[in-house]
Amino acid sequence: MDEISEIPNSVIVRRLTKTYGAMKALNGVSFRIAKGEVVGFLGPNGAGKSTTMRILAGLMPATSGSAHICGVSVANHPDLARRHIGYMPENNPLPEDLRVVEYLRFRAKIKDIPASELKARVDEVMETCQLHRKAAKKIIGNLSKGFRQRVGIADAILAKPEVIIMDEPTIGLDPHQILAIRELVRSLRGKMSVIISSHILPEIEQMCDRVMIINQGSIVASGSYAALRKEFIAWDKYDVSLKLAPEEFEKIVSGINKEAIVKKVLRDKGGYYNYVLRAPEGANLGPVLIGELSKDTAYGLREVSCEKPGLEDIFMAATKRSWEQIRETEGGAQHSDSDREVVE
Amino acid sequence: MRRFFTLCRYQIWQMAISPSTYIAAFLFLCFMGMIFLKSISDVSMYESSESPFGMFIWAFWIPVLFMVPLLTMRSLAEERRMGTLGALMTTSVTSAQVVMSKFVACYFFYVFIWLLTLFFPLITCWYVPSAKPLFDVWQMVTGYIFIFISGAMYIAIGIFASSLTRTTLVAGMLSFSMLFVVVVGAGIVAKFPILEQSGLSWVVDSAAYMQTFRHLEEFSGSMLDTRPFFFYFSTSAVLLAITALITESKNA
């Protein structure tokens, strides 16, 4: 058997590539996921998220490279590797004409859950996913989107796999259901390795220990939220609203901190201007800005707020950087980071 | 094996709740009922060397052309369209197990629906006891054996057609066309005089070997020949193996 020694890692992916004709869907993707870690997998549409997940789930062979789940090679022993995986595909396909409990019992049987534990295990996952009340006896085709997602998650965790892969698990859910799924993922932390792909960035920010960003088939960023913030965004964002023309405002700002730049100006009603300011991380411009801009009442200062960049900013910066690198290698024009956007 | 039996039970249950199964059964029983009535009335009105069961079984291929597509068209095409086949393949289940379980389920219903036609002679003998000598039990046994062994190949053809497309309707049409070629085509090819004249007599021999109606003639004449058994079972096995490979590759 193709065993490898690094046991603490549940998932090890090395230089994974997948090509469709001339198109490279994955280009040397490598990463590791530790046991019990919850990892968010982000990327624009067509970046290669679902392809990576399908290869990990043993549904699709890679063109080259290797993927190991709990030390088992997915390419060499797909049946064995699948025993360690609970996979919830993107559109969560379910048979329309079965009842929830019937479907979960069927899945438990084909996942080799012993007959003596089957009923208890199905009841347990239904309770965990809040399907144990009325939904258990309902025909799947009549369920709402949220309940269908829960059935998909219940199926993924049913056999207590070491690795759970969920492709867009919160899509189409209402806030209550999103909270429930967030809690569910939290409860899995430390017990199972979870890979979640999502376009809802705040969800990933709140649920995951680590984030991987994929673009154009390559991992462009990987690390904890704090580490990625440090790597990609070394600035804080300030929103300032007052009655001061851009030229004068810029003069005051450069007097306070030479590295601070005005990124966006929005002209508001009543002669107000709303500015978006960028300053180096930790510059703590807030009190100084308030002090300087309150000296003259004619400035009409009405707001100064500091906003820490979120995962959305990191995502944008990481994907933008990868696009710029592609453009550079192709000899195209570079995009200036200091362009100011003016909105009237 | 436990996984395979679980899959079989699941597929049989899926077919049992599918409307197309009941439509197939209803149309089949209506048609075969009429054929049986016609064969009984022909025997009672005209002098004939043919037994009513022989005349009845001779028309087997007509309902097969619509019953088999109706039973098999959803099997793989629908599951691939819905994505549930992909979800099934994320477990340790193999494509061969999936294809075999679909075959077993469809074949189970095929046999079950044919067995319902046993009620036709039973009901006839119940109400008209004097009609009993018209039905030769051994001829009926060999006739049904032919139906069941040839049915294995027809169902395998239907499952194969269903694996080629995501659209149920296209799968049904493909299945119908393939069945038509297999049931009627071999007989037509075997009668092409040009083939024998141009030195292609082996084509004629092969077509003659595959002729469904020749097999039927032998079986309905109370004769059990092992060659058709080999032909139908080996063809079914090859078709199912190809279907498993297609299912595996299309899923990837």
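Only a predicted model underlies this, so the values are computations on that prediction, with no experimental measurement involved. (Residues numbered from 1 in each chain as written. Chains lettered and ligands numbered in written order. Predicted model: local features only at pLDDT ≥ 70, side-chain atom pairs only at ≥ 80, totals over all residues.)

1. Digging into the confidence of the model for chain A
Residues and elements named next belong to chain A. Counted only if it meets this: As a per-residue measure, pLDDT tells how confident the predictor is, with possible values from 0 to 100. Labels follow the DSSP assignment, with helices taken as runs of H or I lasting at least four residues and strands as runs of E lasting at least two, numbered in each case from the N terminus. A pair of residues counts as a contact when their C-beta atoms, built from backbone coordinates, are separated by no more than 7 Å.
When pLDDT is averaged across chain A, the result is 82; 91% of the residues are at 70 or more. Here strand 15 (residues 341-343) is the element of chain A with the lowest mean pLDDT, 51, and helix 3 (residues 100-110) is the one with the highest, 92. Contacts from residues 1-7, a stretch scored under 50 in pLDDT, to residues over four places away or in other chains number 10 contacts. Taken as a whole, residues 333-339 scores under 50 in pLDDT and shows 5 contacts with residues more than four places along the chain or in a different chain.

2. Points about the environment of threonine 91 of chain B
This is how it is decided: Counting other C-beta atoms within 10 Å of a residue's own tells you its class, since 20 or more makes it buried, 12 or fewer makes it exposed, and anything in between is partly exposed; those C-beta atoms are placed from the backbone.
Position of threonine 91 of chain B relative to the elements: it lies in the loop between helix 6 (84-88) and helix 7 (95-116). We classify threonine 91 of chain B as buried; it has 22 C-beta atoms within 10 Å. Spatially, the C-alpha atoms of threonine 91 of chain B and phenylalanine 148 of chain B are 33 Å apart, while their sequence positions differ by 57 residues. When sequence neighbours within four positions are dropped, the list of residues in contact with threonine 91 of chain B reads Arg82, Ile110 and Lys111 of chain A.

3. A few points about the pairing of strand 12 (residues 261-267) of chain A
Residue and element names in this part refer to chain A. Definition in use: Here, any two strands with at least 2 DSSP bridges between them count as paired.
Sheet analysis places strand 12 next to strand 13 (residues 273-280), joined by 6 bridges and oriented antiparallel. Within strand 13, the position partnered with isoleucine 261 by the bridge is arginine 278. Between strand 12 and strand 13, which pair antiparallel and follow one another directly, the connecting turn spans 5 residues, one of which, glycine 270, has a positive phi of 70°.

4. A closer look at the pairing of strand 1 (residues 9-20) of chain A
All names here are of chain A. Relative to strand 2 (residues 23-34), strand 1 is paired through 9 bridges, and the arrangement is antiparallel. Of the residues in strand 2, the one forming a bridge with valine 13 is phenylalanine 31. The loop that links strand 1 with its antiparallel partner strand 2 comprises 2 residues; one of these, glycine 21, has a positive phi angle of about 65°. Taken together, the 5 bridges between strand 1 and strand 4 (residues 64-69) define a ladder with antiparallel strand orientation. By the bridge assignment for strand 4, valine 11 is matched with isoleucine 69.

5. Concerning helix 4 (residues 61-72) of chain B
One full turn of an α-helix is made of 3.6 residues, so residues set three or four places apart face in the same direction. To be explicit about the condition: Expected helix span is given by 1.5 Å per residue-to-residue step, counting one fewer step than there are residues.
Given a rise of 1.5 Å per residue, 12 residues ought to cover 16 Å, and the 16 Å separating the end C-alpha atoms of helix 4 of chain B matches this to within 8%. Looking at helix 4 of chain B, one finds that the buried residues are Pro63, Val64, Met67, Val68, Pro69, Leu70, Leu71 and Thr72 of chain B.

6. Observations regarding the domain arrangement of chain A
To be explicit about the condition: The split into domains, and so the bounds of each, comes from an automatic or database assignment of domains.
Segmentation of chain A into domains returns domain 1 (9-230) and domain 2 (234-307). Measuring from the centre of the C-alpha atoms in domain 1 of chain A to the corresponding centre in domain 2 of chain A gives 44 Å.

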